[in-house]
Amino acid sequence: MRRLWLMQGGMLVDITLTKTTNFQWRHLIADYEKKSEPIYNVRRDDKRKYDAIFVGGGAGGRFGSGYLRARGGRQLIVDRWPFLGGSCPHLACVPHHLFSEAARELDLMRWFSGKLWFPDATHLRASILQMVQLFKEGRGSAHAFMNWQSKEQLDLEYILNVPATVIDNHTIEVAGERFQADNLVLGTGAETVFPNIPGTDLHGVYDFVSLIEELDFEPQRCVIIGGSKVAIEYGSFFQAAGCPTTIVARKPLMRTASLHHVDEDLRQYVVDGMCKRGMQILEGVEPVAIKGDGNGNAKEVIIRNMQDGSEESLACDFVFIGTGERPKSEHYREVLGVAVGEKGEILVDKHMRTSVPNVYAIGDLIGPPMEMFKARKGGMTAARNIMGEPYEFDWTDYPDFLHSTYEITWVGLSEEEAKQRYDNVVVIQMPPKGVPHEDIPLPCAEGTMLYAFMYPELTGFQKAVVEGNSRRLLGFHHVGFGAKDAFQYLDYLMRQPEGITIDEMGNMNELFLNPEHFIQLCRLRAGSPNLRDL
Ligand code: COM
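Below you will find a few notes about this structure.

Here is what the cut-offs are and how they apply
Residues numbered from 1 in each chain as written. Predicted model: local features only at pLDDT ≥ 70, side-chain atom pairs only at ≥ 80, totals over all residues. Heavy atoms only, no water. Helix = DSSP H or I, 4+ residues; strand = E, 2+ residues; numbered from the N terminus. Rg over C-alpha atoms; globule rule 2.2 N^0.38 Å. Buried < 20%, exposed > 50% of the residue type's maximum accessible area, 1.4 Å probe, protein only. Contact = heavy atoms within 4.5 Å. Lys, Arg positive; Asp, Glu negative; His and termini not counted. Charge placed at Lys NZ, Arg CZ, Asp CG, Glu CD. Near = heavy atom within 4 Å. Polar contact = N/O pair within 3.5 Å; in protein donor to acceptor, adjacent residues only side chain to side chain. Areas by Shrake-Rupley, 256 points an atom, 1.4 Å probe, with all protein chains shown as cover. Nonpolar A, V, L, I, M, F, W, Y, C, P; charged D, E, K, R; others polar. Salt bridge = Lys/Arg side-chain N within 4 Å of Asp/Glu carboxyl O. Pairing = 2+ DSSP bridges. Core = buried A, V, L, I, M, F, W, Y, C linked by side-chain atoms within 4.5 Å. Axes fitted to C-alpha atoms, helices over the stretch in contact; angles between N-to-C directions. Patch = residues over 30% accessible without salt bridge, like charges linked within 9 Å, V, L, I, M, F, W, Y side chains within 5 Å. Expected span 1.5 Å × (residues − 1).

Quick look at the overall build of the protein
Right, so step 1: Across its full length, the protein carries 15 helices and 24 strands.
Right, so step 2: Radius of gyration (C-alpha) of the protein: 25 Å, near the 24 Å computed for a compact globule of 534 residues.
Right, so step 3: When the backbone C-alpha atoms are referred to their principal axes, the protein occupies close to 70 × 65 × 50 Å.
Right, so step 4: A total of 534 residues make up the protein; the buried ones form 56% of that total.
Right, so step 5: Long-range pairs, those at least 24 residues apart, make up 65% of the contacts in the protein with a sequence separation of at least 6.
Right, so step 6: Positive and negative side-chain charges of the protein, numbering 56 and 71 respectively, have mean locations separated by a distance of 4 Å.

A short note on the site of the ligand
Right, so step 1: Around the ligand, the surrounding shell consists of A59, R62, F63, G85, C88, P89, M146, M372 and R376.
Right, so step 2: At 2.7 Å from an oxygen atom of the ligand is found a side-chain nitrogen or oxygen belonging to R62.
Right, so step 3: When the ligand is considered free in solution it has 260 Å² of accessible area, and contact with the protein chains removes 91% of it.
Right, so step 4: Those elements that provide at least two residues to the shell around the ligand are helix 2 (59–70), helix 3 (87–90) and helix 10 (372–386).
Right, so step 5: Its residues assigned to classes, the shell around the ligand shows six nonpolar, one polar and two charged.

Examining the pattern of salt bridges
Right, so step 1: Per the stated rule, a full pass over the model turns up 33 salt bridges.
Right, so step 2: Where E152 meets K19, a salt bridge forms, and the shortest distance between an N and an O atom there is 3.3 Å. A residue pair is termed long-range when its members are at least 10 positions apart, and E152 in helix 5 (residues 128–153) and K19 in the loop between strand 1 (13–14) and helix 1 (22–32) qualify at 133 residues.
Right, so step 3: Judged by relative accessible area, K19 falls into the exposed class, the value being 52%.
Right, so step 4: Among the salt bridges present, the one from D503 reaches R471, with a minimum N-O distance of 2.6 Å. One end of the pair, D503, is in helix 14 (residues 502–506); the other, R471, is in the loop between strand 23 (461–467) and strand 24 (473–480), with 32 residues separating them in the sequence.

So, the pairing of strand 20 (residues 400–403)
Right, so step 1: Of the two faces of strand 20, the one lined by D400 and L402 and the one lined by F401 and H403 are each fully buried.
Right, so step 2: Two elements, strand 20 and strand 21 (residues 407–412), share four bridges in a ladder whose sense is antiparallel. Within strand 21, the position partnered with D400 by the bridge is W410.
Right, so step 3: Hairpin connection, strand 20 to strand 21: the antiparallel pair is bridged by three residues.

Topic: helix 15 (residues 518–525)
Right, so step 1: Extensive coverage of helix 15 is indicated by the burial of six of its eight residues.
Right, so step 2: Burial in helix 15 covers these residues: F518, I519, Q520, L521, C522 and R525.
Right, so step 3: G527 sits one or two positions beyond helix 15 and adopts a positive phi of about 90°.

What about the nonpolar core?
Right, so step 1: By size, the foremost hydrophobic cluster in this structure holds 113 residues, and its most contacted members are I53, I172, L186, L211, F238, M254 and F320.
Right, so step 2: Those residues in contact with F320 that sit more than four places away from it in its chain are Y206, D207, F208, L211, C222, V223, I224, I225, V230, Y234 and F238.
Right, so step 3: In this structure, V466, A483, L493 and L521 belong to the second largest nonpolar core, which totals 22 residues.

Details of the sheet that holds strand 14 (residues 285–292)
Right, so step 1: Spatially, three strands are ordered 14-15-16 in an open sheet, and the strand pairing comes out antiparallel. Every interior strand has two partners, whereas the edge strands, strand 14 and strand 16 (311–315), have only one. Averaged over all pairs of adjacent strands, the angle between their axes in this sheet comes to 25°, without regard to strand direction.
Right, so step 2: Inspection of the sheet shows strand 14 paired to strand 15 (residues 298–305) by seven bridges, in the antiparallel sense. Bridge pairing links V285 to N305 in strand 15.

A few points about the sheet that holds strand 21
Right, so step 1: Spatially, the five strands line up as an open sheet ordered 20-21-24-23-22, and their pairing is antiparallel. With partners counted over all chains shown, the strands left at the sheet margins are strand 20 and strand 22 (425–430), one partner each. Put simply, the sheet's adjacent strands are angled 10° from each other on average, direction ignored.
Right, so step 2: Sheet analysis places strand 23 next to strand 24, joined by six bridges and oriented antiparallel. In the strand pairing of strand 24, K463 is matched with H477.

With respect to a positive patch on the surface
Right, so step 1: Residues K251, R326, R333 and K343 make up a contiguous surface patch of positive charge.
Right, so step 2: Following the sequence through the fold, R333 ends up in helix 9 (residues 330–336).

Thoughts on helix 2
Right, so step 1: Between its terminal C-alpha atoms helix 2 stretches 16 Å, which fits the 16 Å expected from twelve residues at 1.5 Å a residue.
Right, so step 2: When we look at burial in helix 2, the residues that qualify are A59, G60, G61, R62, G64, S65, G66 and L68.
Right, so step 3: Where the residues of helix 2 are buried, they touch strand 3 (50–55), strand 4 (75–78), helix 5 and helix 10.
Right, so step 4: Positive backbone phi, approximately 90°, marks G72, located one or two places after helix 2.

Have a look at this one:
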């Protein structure tokens, strides 16, 4: 066993034959974040050709590689960062979840300020800067784990801390060396689309990436440009932290093209809840400019009402861009000539094949939904097909979620969509239609019991949509906490060719008191020949 070969002074590090630990990785990554030399984990003694080179070691590249390896293939991942896992553990999903958990805790403290055992939170101010730092100090453990697991448990080969240049559909170049494979799998992600307005280069203007890497002051007043998921999630955190936040968006929140099956009652509950917590939401407006204070710092956002053209200034010291992301496909278009769509997304079929033979594309690079399930399963789909196992992946329908100060989950048809398709639509919901939420502290479960006893209207919202004739469940919608797990399985149950009926769901064994209550609510109507709303 060789010792970890960590050379200083401009030399590469080759850890292929070294058994690594998470501890070693943590230090190695921290060191190489400051350097530009590659880290090699490549079996030079293996003379087999690679079945696939994964360009990009995010979720898609890692899970695709894992599957390809499991099927007996040989793979190589190349990533520009010194760690695998991509933006998720580094800048995106993981900090989002950390901030959303903070938002939930802070929100509870504010509502219960001075009540029960809660301290007075009238002047509560949580530091956004401190949370960013907390995340940055901790993210190294996820980085290390990704590298360690991929090498020691999944037997993957990789080269890190160096970008790959694609030469042709079988060849890449890394640090001056060429590697060949039967196939390339492209998965290098997307980046924020900054609005084309003056002032986006001022100090104080961030997106979710630069927020993590560059925030250097404590924001006091925030304007978010755009109404994406990121806008809602980060905005809810900023507001809960005590930084008053305004969202300016062209379209109503949660009605952007990239979100499907959003039920209007659920949407209303979410948006009303954000307003109740003091957020200002300005819809039907577009940004005109970000103006500075003369010293290079943002001090106001000028917006225009899209209906009457009137302009307004919103004072702030912190501007957060939440206008969504765009695939980074230029390099592949230029070199390989892959076909792309209107927004730069690489076009793929259900096998993840691009227009160029032997070139696959996965993850955010192929456009929305820019979600983990699509990246991982897309990687796996490419691997399956590369290994000769024809497999199709349809990512057009999927369970979805986002956070405000709540966890919001949905799958299947909204009530409105169901009513457009079917004559006999029955709805089971809490609170029931027409019953003021103040009168009924439901749905309540983990995370909302305290609210149920003091603020019934804050206990969340839920709805199941049923096709009354076939009795099939068509959609589930939930605002609360802890239901995300269930929605993975609800998605599966609904999707089976025969679906699941209200009677079958009513026959399942629930764990009292479960977060989304769907089993017992279905049981209350199961058996009834003529289904009615509940
Ligand atoms: C998750 C990254 S944070 S990966 O999907 O496990 O690679």
